Amino acid sequence: MPEMPEVQGLTAFLGGRAVGRTITRATVAAIAALKTYDPPISALQGAEITASARLGKFVVLSCGDDLHLVFHLAKAGWLRWYEALPTTLIRPGKSPIALRIALDDGSGFDLTEAGTKKSLAVYVVRDVQEVPGIARLGPDPLDADFTRAAFAALLDDRRMQIKGLLRDQAVIAGIGNAYSDEILHAAKMSPYAIAGKLDDAEIDRLFAAMQQTLTEAVAEASGKPPADLKDAKRRGMQVHARRGETCPVCGDTVRSVFFADRSLEYCPTCQTGGKILADRRLSRLLK
């Protein structure tokens, strides 16, 4: 799933390549991806893209102050950029393409989604706050106002596990499954630690790990075209999606805990005092 650093990379790329260009055609190939109807998608035709921004894991392409193309790539979505947009006809239901945007210099991009579970979402709105997922976003973890004190206030009295809190977009915007694994590994903290029970030293460690992990990932994504961002993300991972590999910090084996539609990765030596966390799938089978 694209998370804050990759979405920031996409936003920066579109800022340099699409801003200033006029949309000549907007084609919806997967009707379920389009979540709004007013303004219609046709309102984008002839509109000049004036800004590219990121809000959490949403990309916002603005056409002036009162028309915005917003999209969220969800778990399996991506943006495919073309210097020369293909002219082949898109066949709905026969292609991974959900949306195609053509620009006035012949370039453009497709939003694509792999797999059978379709969650990619596209919105055309007059105000970005009309998008429900944006309206409920928590603070951005790299904003200057997001201080250690602000972070501690978010944790105070919360009974949820810290892994879930970091992924909750209404609490902190932009962090998903992968970077929450990486942050917790850097902080040497169990994903099951209770947020409201962390002491001052643990909060210090977690906040520093979050800032450093995300800052480094954003820097790594900076300047890369969309085609290179996924590989850059994978190369930077210490534990996420590295089950069975050696922890680069201590040499222990990276382990996984599986859930219904995702998994988390962690290092027992670095994060849980050597304890192996129960595999939820196996636990269910044994009941």
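As a reminder, the structure under discussion sits directly above these lines.
Keep in mind it's a predicted model, so treat the numbers as computed, not measured.

Undergrad: Looking at this structure, how should I read the side chain of Asp181?
TA: With respect to the helices and strands, the residue Asp181 is situated in helix α5 (residues 177-186). Judged by its relative accessible area of 1%, Asp181 falls in the buried class. The contact partners of Asp181, leaving out residues within four places of it in the chain, are Lys163, Val239, His240, Ser263, Leu264 and Glu265.

Undergrad: Explanation requested: the nonpolar core in the structure shown.
TA: Nonpolar side chains in soluble globular proteins tend to be buried together. Counting 34 residues, the largest nonpolar core has Leu14, Leu44, Leu69, Phe71, Phe109 and Leu111 as its most contacted members. When contributions to this core are tallied by element, the ones reaching two or more residues are α1 (4-17), β1 (23-28), β3 (58-62), β4 (68-72), β5 (77-82), β6 (97-103), β7 (108-113) and β8 (121-125). The residues contacting Leu69, other than those within four sequence positions of it, are Leu44, Val59, Val60, Leu61, Leu99, Ile101, Phe109, Val122, Tyr123 and Val124. Listed in part, the 29 residues of the second largest apolar core include Phe146, Leu155, Tyr179 and Leu214.

Undergrad: Would you explain the pattern of salt bridges in this entry?
TA: Tallied over the full model, the rule gives 15 salt bridges. Here Lys233 ties to Glu3 by a salt bridge, and the two come within 3.8 Å at their closest N and O atoms. Linking Lys233 in helix α7 (residues 226-236) with Glu3 in the segment before α1, this pair joins segments that are 230 residues apart in sequence. Assigned by exposure class, Lys233 and Glu3 land together as buried.

Undergrad: Sorry, what's going on with the sheet that holds β4 here?
TA: Strand-to-strand pairing in sheets goes through backbone hydrogen bonds, with the strands running parallel or antiparallel. Read across the open sheet, the 4 strands follow the order β2-β3-β4-β8; overall the sheet is antiparallel. With partners counted over all chains shown, the strands left at the sheet margins are β2 (51-55) and β8, one partner each. Pairs of neighbouring strands in the sheet enclose a mean axial angle of 20 degrees, with direction left out of account. Against the sheet, α1 makes contact with β2, β3 and β4, and its axis sits at roughly 175 degrees relative to β2, the strand it touches most.

Undergrad: Hey, could you run me through the sheet that holds β7 in this one?
TA: On the basis of which strands lie adjacent, the open sheet formed by 4 strands has the order β1-β6-β7-β5 and antiparallel pairing. Either end of the sheet is taken by a strand with one partner, and the two such strands are β1 and β5. Averaged over all adjacent pairs, the angle separating strand axes in this sheet is 15 degrees, with direction ignored.

Undergrad: Before we go on, may I ask you to explain unusual backbone geometry in this structure?
TA: In most cases, non-glycine residues show a negative phi, while peptide bonds are predominantly trans. The step from Asp38 to Pro39 runs through a cis peptide bond, and the omega angle for that step is 5 degrees. Mapped onto the elements of the fold, Pro39 is located in the loop between β1 and β2. Positive phi values are uncommon outside glycine, yet Lys188 reaches one of about 55 degrees. Assignment of secondary structure puts Lys188 in the loop between α5 and α6 (200-221). The exposure class assigned to Lys188 is partly exposed, which follows from its relative accessible area of 43%. With phi around 60 degrees, Ala241 is a residue other than glycine that occupies positive phi space.

Undergrad: Help me out: how do you make sense of the packing of aromatic side chains in this one?
TA: Here a ring pair, both rings aromatic, is described through the centre-centre distance and the interplanar angle of the planes. Per the stated rule, a full pass over the model turns up 6 aromatic pairs. Centre to centre, the rings of Phe13 and Trp81 are 5.4 Å apart; their planes meet at 80 degrees, and the pair counts as edge-to-face. Pair noted here: Phe13 is in helix α1 and Trp81 is in strand β5, with a separation of 68 residues, a long-range link. Ring geometry for Phe151 against Phe207: centres 5.8 Å apart, planes inclined by 35 degrees, an arrangement best described as tilted.

Undergrad: Help me understand the packing of α5 against α6, please; the structure alone is not making it clear to me.
TA: Each pair of packed helices can be summarised by the angle the axes make with each other and by the distance between the axes. Interaxial distance between α5 and α6 falls to 8 Å at its minimum, and their mutual angle equals 130 degrees. Between α5 and α6, the angle is such that the two are oblique. For the element pair α5 and α6, the recorded crossing hand is right-handed. Contact with α5, carried on its side by Tyr179, Glu182, Ile183, Leu184 and Ala186, involves Leu206, Ala209, Met210, Thr213, Leu214 and Ala217 of α6 and no other residues of that element. Here the residues of the contact of α5 with α6 are counted per class, giving 9 nonpolar, 1 polar and 1 charged.

Undergrad: Even after reading the chapter, I still don't get the environment of Arg25, so can you show me in this structure?
TA: Along the chain, Arg25 turns up in strand β1. What Arg25 contacts, discounting residues up to four positions off in sequence, is Leu85, Arg100, Ile101 and Ala102.

Undergrad: Just to check I follow, could you spell out the environment of Glu48 for this structure?
TA: Relative to the helices and strands, Glu48 is located in the loop between β1 and β2. Glu48 sits 55 residues away from Leu103 along the chain, and the two C-alpha atoms are 9.2 Å apart. Dropping the residues within four chain positions of it, Glu48 is found in contact with Gly20, Arg21, Thr22, Ser62, Cys63 and Gly64.

Thresholds applied
- Counting from 1, residues in each chain are numbered in the order their sequence is written.
- The predicted nature of this model means local features are confined to residues of pLDDT at least 70 and side-chain atom pairs, given and counted, to a pLDDT of 80 or more, with totals for whole chains, interfaces and linings taken over all residues.
- Hydrogens and water are ignored here; the side-chain numbers use all heavy atoms of the structure.
- The helix and strand labels rest on DSSP assignments: H or I over at least four residues marks a helix, E over at least two residues marks a strand, and numbering proceeds from the N terminus.
- The buried label applies to any residue whose accessible area, calculated with a 1.4 Å probe on protein chains only, is under 20% of its type's maximum; exposed applies above 50%, and partly exposed to all values in between.
- Contact between two residues is taken to exist if any of their heavy atoms lie within 4.5 Å; hydrogens are not considered.
- We define a nonpolar core as any set of buried Ala, Val, Leu, Ile, Met, Phe, Trp, Tyr and Cys residues linked to one another through side-chain atoms lying within 4.5 Å.
- The salt bridge criterion pairs a side-chain nitrogen of Lys or Arg with a carboxyl oxygen of Asp or Glu, the two atoms within 4 Å.
- Strands are labelled as partners when DSSP assigns at least two bridges between them.
- As a rule, the C-alpha atoms of each element are fitted with a line to give its axis, helices using only the stretch in contact, and angles between N-to-C directions run from 0 to 180 degrees.
- Two rings from Phe, Tyr or Trp (for Trp, the six-membered ring) form a pair when their centres are within 6.5 Å of each other. A pair whose planes differ by under 30 degrees is stacked, one over 60 is edge-to-face, and the rest are tilted.
- Small angles under 35 degrees read as roughly parallel and large ones over 145 as roughly antiparallel, with 65 to 115 read as roughly perpendicular and the rest as oblique.
- For any helix crossing, the convention is left-handed if the near helix is rotated counterclockwise from the far helix by under a right angle, and right-handed if that rotation is clockwise.
- Residues were grouped as follows: Ala, Val, Leu, Ile, Met, Phe, Trp, Tyr, Cys and Pro as nonpolar; Asp, Glu, Lys and Arg as charged; and all remaining residues, including Gly, as polar.

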